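Fold and contact review
What follows is the residue order along each chain.
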Amino acid sequence: METRHNFGSKIGAVLAAAGSAVGLGNVWRFPTEVGNNGGAAFIMVYLLCILVIGIPVMMSEFLIGRHTHANTITAFSKLAPGKWWRIEGVAGVFVAFMILSYYIIVSGWTLYYLIQSVSGRLMADRDYNAVFDTYVSDPWLPVLTGASFMFLTHFIIARGVQSGIERFSKLMMPMLLFIIGILVVCSFGMPGSKEGLRFLLKPDLAKLTGSVVLSAVGQAFYSLSLAMGCLCTYASYFRPDTNLPKTAAGVSIIDTMVAVLSGFIIFPAVFSVEAVDVTAGPGLVFKTLPSVFNIAFGHLPWLGYAFSGFFYMLLLLAALTSAMSLHESVTAYVLEAFHMSRRKAAAAVSFSCMTLGVACSLSFGPWSHLTLFGLNIFELFDFVSSKIILPLGGIVICLFTGWYLDRSLVESELTNGGKLRFRLFRLYYFIIRFVAPLAIAAVFVHELF
Ligand code: PHE
């Protein structure tokens, strides 16, 4: 069996974990949720959720991973030998596998839009709804773009923890932050930027309903990559001197910054164009934005190519670093459980995920008639994973750390055996035992019924 490596540096560990968190959820799902839930009021609640629930749950995943130095399934078996808790590890790896198989398809769409932007085809005056619908329902093209994206992810994972994940995260995360900077500045220069900013910054408290609060909790979980075994797996590569509470805070700050800045990029641009609906939903990035780019830069097409090219590049980088963590969560298990080489384990995961990915992609075209409870294969994967397994997993992680594990083990892991001070430990412990599991349970019941 291969020797287990750790991340070589603290910054490498933070950037890898932040890469997992920053993904399509920040640049695509967050602005959609903000648009649907009334702007600034949603953002306020979201920030609170990150602080009160997200960071403590992330710390719990970190401590489970770092304490055991193993993949997620083995981690639970080691901490609770012979007990049912192991099922949580199995669910985490399973859900990562499921999410990866459709995540690569959506990431493939981003790759396609990047190529279309850079080649200038996206800016030619067209009907963007038709462009998107024709592309995703094609039997071959989205499979091809998805497979290319899977190949990129595979290439990085097969290289291992330090020269794959860590090295590429250190390269891609600064690029991503740089692109965001450029886009925010460009977006502020657009004519509708004032209105966009007002939408993002001025909370209308009348819009704060129960459903807004619950959407915010759900978005916080998704965006921070919680309950999927990804952060647990990455934490198993953390060094013994890594400060877990600080790392969790750092990752959450980067993730939240990227989400809010994505709002600052998208809304001023969208408000610059009349008759474009901010509540456009999932089509915002692939249908609405191209037409915004087109209208806003109609007189300066080269600026349009650049802006949209940078935007889809941003989306692609964000998706890639997240896909890496999903892939690693499964690969680490296959590699350690079946005593395989990393290359073979990664190839087995890439191949089987891609097979499921083909089914997800075809569900927009030739297989669109295959449905269960009115959901096609793609929607079913998303529903089962993010609406059922994830919240349940979140609750189990809280109960496991808060009620099953010894308090002394938890405290010792979070303070590196007493070497660090963690003044908020009692608050953390209270949240993880009571506040977080109850809040997640509320989301679960709300989302499902
Ligand atoms: N957090 C990622 C995002 O914001 C999604 C993701 C979920 C990534 C689970 C990895 C694991 O898009």
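Above this text is the structure in question.
Keep in mind that what you see is a predicted model, and the values were worked out from it rather than measured.

Here the focus is the side chain of Ser225. Relative to the assigned elements, Ser225 resides in the loop between α10 (210-223) and α11 (230-235). Since its relative accessible area comes to 6%, Ser225 is described here as buried. A polar side-chain atom of Ser225 sits 3.0 Å from the main-chain carbonyl oxygen of Ser20. When neighbours within four sequence positions are excluded, Ser225 is seen to be in contact with Ser20, Ala21, Glu61 and Leu231.

With that settled, the discussion passes to the nonpolar core. Ranked by size, the top nonpolar core spans 158 residues in total, and within it Phe311, Tyr312 and Tyr428 carry the most contacts. Those residues in contact with Tyr312 that lie beyond four places of it in its chain are Thr110, Tyr113, Leu114, Ser117, Leu122, Val285, Phe286, Leu289, Pro290 and Phe293.

Another aspect to go through is the pattern of salt bridges. Pairing of side chains with opposite charge becomes possible as their charged atoms draw close. All chains considered together, the criterion is met by 6 salt bridges. Between Lys287 and Asp133 there is a salt bridge, with its nearest N and O atoms 3.6 Å apart. With Lys287 in the loop between α12 (244-271) and α13 (288-296) and Asp133 in helix α6 (residues 128-137), the pair connects residues that are 154 residues apart, well separated along the chain. Accessibility expressed as a relative area gives 23% for Lys287, which makes it partly exposed. The class of Asp133 is partly exposed, set by a relative accessible area of 37%.

This part covers the side chain of Ser215. By the secondary structure assignment, Ser215 is in helix α10. Among residues more than four places away in sequence, those in contact with Ser215 are Glu33, Asn37 and Phe42.

Within this structure, the stated rule accounts for 35 aromatic pairs. On the basis of an interplanar angle of 90 degrees and a centroid distance of 5.3 Å, the ring pair of Trp109 and Phe132 is categorised as edge-to-face. Placement of Trp109 in helix α5 (residues 86-118) and of Phe132 in helix α6 is noted, with a sequence separation of 23 residues between them. Assigned by exposure class, Trp109 and Phe132 land together as buried. By the ring-pair criterion, three or more aromatic residues cluster together here, those being Tyr102, Trp109, Tyr112, Tyr113, Phe132, Tyr135, Phe286, Phe311, Tyr312, Phe364 and Phe378. Stacked on the ring of Tyr222, the Lys or Arg Arg29 has its end atom at 5.0 Å from the ring centre.

This structure, assessed with the given rule, holds 3 cavities of 30 Å³ or more. Estimates place the volume of the largest cavity at around 180 Å³. Arg29, Val217, Gly218, Phe221, Tyr222, Ser386, Lys387, Leu390, Pro391, Ile440, Val443 and Glu447 are the residues that line the largest cavity. A class-by-class count of the residues in the lining of the largest cavity yields 7 nonpolar, 2 polar and 3 charged. Of the volumes computed, that of the second largest cavity is approximately 120 Å³. Forming the boundary of the second largest cavity are 16 residues, of which Ser20, Tyr103, Tyr222, Ser225 and Ser322 lie nearest the centre. Going through the elements one at a time, α1 (10-21), α2 (24-36), α5, α10 and α14 (301-337) are the ones with two or more residues in the lining of the second largest cavity. Residue composition of the lining of the second largest cavity, grouped by class: 8 nonpolar, 8 polar and no charged.

About the thresholds
Residues numbered from 1 in each chain as written. Predicted model: local features only at pLDDT ≥ 70, side-chain atom pairs only at ≥ 80, totals over all residues. Heavy atoms only, no water. Helix = DSSP H or I, 4+ residues; strand = E, 2+ residues; numbered from the N terminus. Buried < 20%, exposed > 50% of the residue type's maximum accessible area, 1.4 Å probe, protein only. Polar contact = N/O pair within 3.5 Å; in protein donor to acceptor, adjacent residues only side chain to side chain. Contact = heavy atoms within 4.5 Å. Core = buried A, V, L, I, M, F, W, Y, C linked by side-chain atoms within 4.5 Å. Salt bridge = Lys/Arg side-chain N within 4 Å of Asp/Glu carboxyl O. Phe/Tyr/Trp six-rings, centres within 6.5 Å; stacked < 30°, edge-to-face > 60°. Lys NZ or Arg CZ within 6 Å of the ring centre and 35° of its normal. 1 Å grid on protein atoms, 1.4 Å probe; cavity = no way out; pocket = protein on both sides within 12 Å on 5 of 7 lines; lining within 4 Å. Points joined across faces, edges and corners; volume = space filled by probe spheres on them. Nonpolar A, V, L, I, M, F, W, Y, C, P; charged D, E, K, R; others polar.

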